[in-house]
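# Notes for the structure review
What follows is each chain in one-letter form.
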Amino acid sequence: MMLSRIADAMFWIGRYVERADQTARILGVSLQSITEDASLDAVDACAGVYGIFGVTDVPASDLTVQRVLDRMVTDRMNPSSVAGALQAARENARGVREALSTEVWESLNTTTLGMPRGVRPSRMHGAFQFAKDRCAVINGLLEASMTRDEAWLFLRVGQLLERADMLARNLQAHDLTDSSDAATVLLLRSCSAHEAYIRSYRGRVRVSGAIEFLLLDSIFPRSAAYCLSEIDEALETLAKLHGNSIDRLGTAEPGRRIIGRALASLRFRQLDDIVEDFEDEMEQLQRVTGAVTRALGTTYFDPAA
Amino acid sequence: MVGMPDASLFRTARTGAAGDEMFTPDGTVRPTYQALHDALAGLGPEEFRSRSESLALSYLDQGITFDYAGEERPFPIDAIPRVIDAEEWSEVSAGVAQRVRALEAFLDDVYTDRRAITDGVIPEELVTSSTYVVDAVRGHRPPNGVRLHVAGIDLVRDGDGGFRVLEDNVRTPSGVSYVLSNRRAMAQGFPELFADRPVRRVGEYPGRLLAALQAAAPDTAGEEATVVVLTPGRYNSAYFEHSLLARTMGVDLVEASDLVERGDRIYMRTTAGLRRVDVIYKRTDDDFLDPEVFRPDSMLGVPGLVRSVLAGNVVLANALGNGIADDKLTYTYVPDLVRYYLDEEPILRNVDTWRLEEPDSLAEVLDRLEELVVKPVDGSGGKGIVIGPAASREELEALRERLRADPRGWIAQPVVQLSTIPTLVEDGPEPRHVDLRPFALNSGDDVWVLPGGLTRVALPKGEMIVNSSRGGGSKDTWVLAAARPGDPTAAGTDAGEELDEGIEDPTDDTRDEFDDPRGEETEEQAVEPDPVTSAIPLIEADEEEPHHDAQ
């Protein structure tokens, strides 16, 4: 058992580091395609990029690559920007330093301090690479230096939930009617899944194949099904740590019920059925994140004493 | 040292002024500093400056910061250590321990019989007029009798070069984390300075602290006592220290909102519900501990905490109400308290001090205000201090009014010419004023003094106030170990004490960040037989390839 406040902070460290990483990956691909492709309407394309992150009502003056960088990469006050998410992870970590290894803390600290205060479009690749590399270092240190105790499990659940959530957002924003190779490759790349897809499916990319891979592949670590089943496993371990060792129905842990249903719903339906109202399906997948976060809150972060 | 490379590094530090710990007025190096001086000089000014800068950078990377006006700043560390020789340290250490024992006895007396008042050692008004006496804990004696688990005693060198006590800190003395991190940074950044100089280790502090806190626990029916560190939160200026101590002791760092009282016991909120807490190392002010007793308007604190203390179910370290012992008026009586409670002569002297309640003293102080230092009795961190020679006429006039209105609230001292140590500033090392705060732990059986302590340095030229809120930095503080047996210079040293003295070795990677707080267990393991796995071959003999037959 551990302090509820610390469990809560560990969960959010997991979420924020993953958010910084995913945001850098998605922006790296999408903004690069805008600057590369002169035929694209930059204003529409920028609005689309904001849309992935749920930012609407964007003033016309913000519909430029430079403004996307200002708001979604370097703005430290916005917890959904790359620098802002790292800052939020770091602030959480500062409150629970004794629960993290020194290496993890120092890495988070130097990463946050090292994020540039402003980025020009010509230099954005370097900034994204920095963020991705540093997140990989942080994740590697977490993996290698942390005991697989409760603290680690909460962090892991946060990380996986955020990953599934970002995937759902990214898929929701994707125009399924555009079946061009270029659009599908862009989607796969922004999910950091292009190379893995090519190796798994060989041959040319098809949009239905890409959706199937991103949602249902059981061994690709960024697919929705993979993330959900890993969360389920982590929640089960948590429940066991808390003495529910004979959870024969697998439902003593309220979060598991939510995750289990979402996973079954994806896995045991026809792909055609899922893509029929794809936007709504992806919306629901995002709601799973909120529901699990609330369930963790009532069970662990703020249990009735 | 032919060619004298030091001529360039320490050129700016030889000012010929008196009171420098490294150089005599004629510019020769004092023997205690000789080896360090030569090693630093050997680096040359550029190498020295570049490594000094990397020290500051590493503090920023590690988040070793303090809160300055809402901003996180790296705590300034100066790369020229302070050196104290073994003989002088043994006196300082004994003097600090003696003072802590006297203050401990004084606290016990104040909250029980008040014999010292009956016997005329201190005036009754000293206790009755102090705002720091907490009536709620009158008559309560903690389980192992200790109220002063952690003390920091501020020392300065006077004009004669000897140490004197400037003030006592017995509520929540801070700064020990910088002692630990300064040593770590110096061992990493300047490993060669430690060669040939037996510097005593400081890394055992967290383990000693945990032991002292556990010793203070109420009866836990054989279970291991649960110790926590209570912090006001990460916006507190000393948060780094709270976190470091919790981490190195391996205990939880809690905020008041993590704690709750049920049936006169204190529990912390965990993911598995409530868990009992036995000892709270509090790093918050008394005023914000328990709204039932202090400040009913406050949202901060743990309602019921004081009730639980009085019920004997939880122990606070340091105890509630310790402020009476570091009231600056009490300070003036400490030498008498040492004689009264311990029947010993004080080893460390006070700085001469005027009590303004005595009409003659008040008159003299009002007359000589421009040459004196005046301090509020309840201040800490350099707050409210007026230095006569540096104050304007208007300030002094206003101060006179306040002294007349509230003589109990102030003490006056002559300006102490603090000693200096060369410190790296813009143009190179220059003499800067320093003080010393040794830390002492009282486990009930024994008062242990951390070898060294925090040397704070005032970075602005001529400045006498060393607090970090006034632009102060710090230095690693080296206590040299007594000469080893067999060493020709060892004559006359006490061989018994040497065994105790851990020596710093920067190349020793076997240690973690700091020493293992559970040192005793490590020793036990050392005498155990080899681990079982070494007795079991990785592969069973009869499963191996029978290569002899195969031929």
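These notes cover the structure that comes with them. Worth saying up front: this structure is predicted, and the values here are computed from it rather than measured.

Each helix and strand in chain A was counted, giving 14 helices and zero strands. Written out in order from the N terminus, the α and β elements of chain A read α-α-α-α-α-α-α-α-α-α-α-α-α-α. The globule rule puts the C-alpha radius of gyration for 305 residues at 19 Å, and the 19 Å found for chain A is close to it. If you line up chain A on its principal axes, its C-alpha atoms span 60 × 45 × 35 Å. For chain A, with 305 residues in total, the buried portion stands at 53%. A fraction of 66% describes how many contacts in chain A between residues 6 or more apart in sequence connect residues 24 or more apart. In the form shown here, chain A has an accessible surface area of approximately 13300 Å², with 49% of it arising from carbon and sulfur atoms.

What the rule picks out here adds up to 16 aromatic pairs over all chains. A centroid spacing of 3.7 Å and a plane angle of 10° characterise the contact between Phe-75 of chain B and Tyr-178 of chain B, whose relative ring orientation is stacked. Separated by 103 residues along the polypeptide, Phe-75 of chain B in the loop between strand 2 (71–74) and strand 3 (77–84) and Tyr-178 of chain B in helix 7 (residues 176–189) bring together distant segments of the chain. Of the two residues, Phe-75 of chain B and Tyr-178 of chain B, neither departs from the other in class, the shared state being buried. The interplanar angle of 40° and the centroid separation of 6.4 Å between the aromatic rings of Tyr-205 of chain B and Trp-448 of chain B together place this pair among those described as tilted. Of this pair, Tyr-205 of chain B sits in helix 8 (residues 205–215) while Trp-448 of chain B sits in strand 21 (residues 447–449), and the two are 243 residues apart along the sequence. In this pair, the class of Tyr-205 of chain B matches that of Trp-448 of chain B, namely buried. Put simply, the rings of Phe-11, Trp-12, Tyr-16, Phe-154, Tyr-300 and Phe-301 of chain A pair up and form one aromatic cluster. Lying over the aromatic face of Tyr-132 of chain B, Arg-171 of chain B brings its terminal NZ or CZ to 4.5 Å of the ring centre. Its end group placed over the ring of Tyr-333 of chain B, Arg-355 of chain B keeps NZ or CZ at 3.7 Å from the ring centre.

The next subject is helix 7 of chain B. Along its 14 residues, helix 7 of chain B runs 20 Å from first to last C-alpha, staying within 8% of the 20 Å computed at 1.5 Å per residue. Most of helix 7 of chain B sits inside the fold, with eleven of its 14 residues counted as buried.

Counting residues at the interface gives 29 residues for chain B, matched by 28 residues for chain A. Across the chain B/chain A interface, buried area totals approximately 2300 Å², and carbon plus sulfur atoms make up 47% of it. Where chain B packs against chain A, one counts three salt bridges. Where Arg-234 of chain B meets Glu-91 of chain A, a salt bridge forms, and the shortest distance between an N and an O atom there is 3.1 Å. On the surface where chain B and chain A come into contact, there are 17 residue pairs in polar contact (both at pLDDT 80 or more). Partitioning the side of chain B that touches chain A into residue classes produces eleven nonpolar, six polar and twelve charged.

Here Arg-147 of chain B is to be found in the loop between helix 6 (124–128) and strand 4 (150–157). Residues in contact with Arg-147 of chain B, not counting those within four places in the same chain, are Glu-104, Leu-107, Asp-108, Tyr-111, Thr-112, His-140, Arg-141, Pro-142, Asn-318, Ala-319 and Asn-322 of chain B.

Another point: a negative patch on the surface. All names here are of chain A. On the surface, Asp-272, Glu-276, Asp-277, Glu-279 and Asp-280 cluster together to form a negatively charged patch. Those elements that place two or more of their residues in the negative patch are helix 13 (271–276) and helix 14 (278–301). Along the polypeptide, Asp-280 turns up in helix 14.

Here we come to unusual backbone geometry. The amide bond that connects Ala-317 of chain B to the next residue, Asn-318 of chain B, takes the cis arrangement and shows omega of -10°. Relative to the elements of secondary structure, Asn-318 of chain B occurs in the loop between strand 12 (315–317) and helix 11 (328–331). One non-glycine residue with positive phi stands out, namely Ser-192 of chain A, at about 50°. Locating Ser-192 of chain A in the fold gives a position in the loop between helix 8 (181–190) and helix 9 (194–201). By relative accessible area, Ser-192 of chain A is classed as partly exposed at 24%. A positive phi angle, near 60°, is found at Asp-343 of chain B, a position not held by glycine. Here Asp-343 of chain B lies in the loop between helix 12 (334–342) and strand 13 (349–350).

With that settled, the discussion passes to the nonpolar core. Of all hydrophobic cores here, the largest spans 170 residues; its most connected members are Met-10, Leu-31, Phe-154 and Leu-215 of chain A together with Ile-280 of chain B. Excluding residues within four positions of it along the chain, Ile-280 of chain B makes contact with Val-228, Leu-230, Leu-259, Ile-266, Leu-305, Val-314, Val-315, Leu-316 and Ala-317 of chain B. Within the second largest apolar cluster, 63 residues are counted, among which are Leu-40, Leu-55, Tyr-239 and Val-434 of chain B.

Rules used in this analysis
- Per chain, residue numbering runs from 1 following the sequence as it is written.
- Chains and ligands are labelled sequentially in the order written, the chains with letters from A and the ligands with numbers from 1.
- It should be noted that, the model being predicted, local features are given only for residues of pLDDT at least 70 and side-chain atom pairs only at 80 or more, the latter also being counted only at that level, while totals for whole chains, interfaces and linings use all residues.
- Side-chain numbers here rest on the full set of heavy atoms in the structure, without hydrogens or water.
- Secondary structure is summarised from DSSP: a helix means a run of H or I of at least four residues, a strand means a run of E of at least two, and numbering begins at the N terminus for each.
- C-alpha atoms define the radius of gyration in this analysis, and the globule rule sets the expected value at 2.2 Å times the number of residues to the power 0.38.
- Here the term buried applies to any residue with accessible area under 20% of the maximum for its type, exposed to any over 50%, and partly exposed to those in between, with areas from a 1.4 Å probe on protein chains only.
- Throughout, a contact is declared for two residues whenever any of their heavy atoms are within 4.5 Å.
- Shrake-Rupley sampling with a 1.4 Å probe provides the accessible areas, and residues are treated as covered by the protein chains on show and by no other component.
- Two rings belonging to Phe, Tyr or Trp (six-membered ring only in the last case) form a pair when the distance between their centres is within 6.5 Å. Interplanar angles under 30 degrees mark stacking, angles over 60 mark edge-to-face geometry, and anything in between is tilted.
- The criterion for a charge sitting over a ring is simple: Lys NZ or Arg CZ within 6 Å of the ring centre, and within 35 degrees of the ring normal.
- Residue count minus one, scaled by 1.5 Å, sets the expected span of a helix.
- The buried area of a pairing is the accessible area, by a 1.4 Å probe, that goes missing from both parts when the two are put together, added over both.
- By convention in these notes, a salt bridge is any Lys or Arg side-chain nitrogen within 4 Å of a carboxyl oxygen on Asp or Glu.
- In the analysis that follows, any N or O atom pair within 3.5 Å is treated as a polar contact, provided that within protein one partner can donate a hydrogen and the other can accept it, and provided that, for residues neighboring in sequence, both atoms belong to side chains.
- Three classes are used, and their members are as follows: Ala, Val, Leu, Ile, Met, Phe, Trp, Tyr, Cys and Pro are nonpolar, Asp, Glu, Lys and Arg are charged, and the others, Gly among them, are polar.
- In this scheme, patches are assembled from residues that exceed 30% relative accessible area and form no salt bridge. Like charges are connected within 9 Å, while nonpolar side chains (Val, Leu, Ile, Met, Phe, Trp, Tyr) are connected within 5 Å.
- The positive count covers Lys and Arg only, the negative count covers Asp and Glu only, and His and the chain ends enter neither.
- All charge positions are set by atom: Lys at NZ, Arg at CZ, Asp at CG, Glu at CD.
- Side-chain atoms within 4.5 Å link the members of a nonpolar core, which is a set of buried Ala, Val, Leu, Ile, Met, Phe, Trp, Tyr and Cys residues.

Read these as spatial facts, not as claims about activity.
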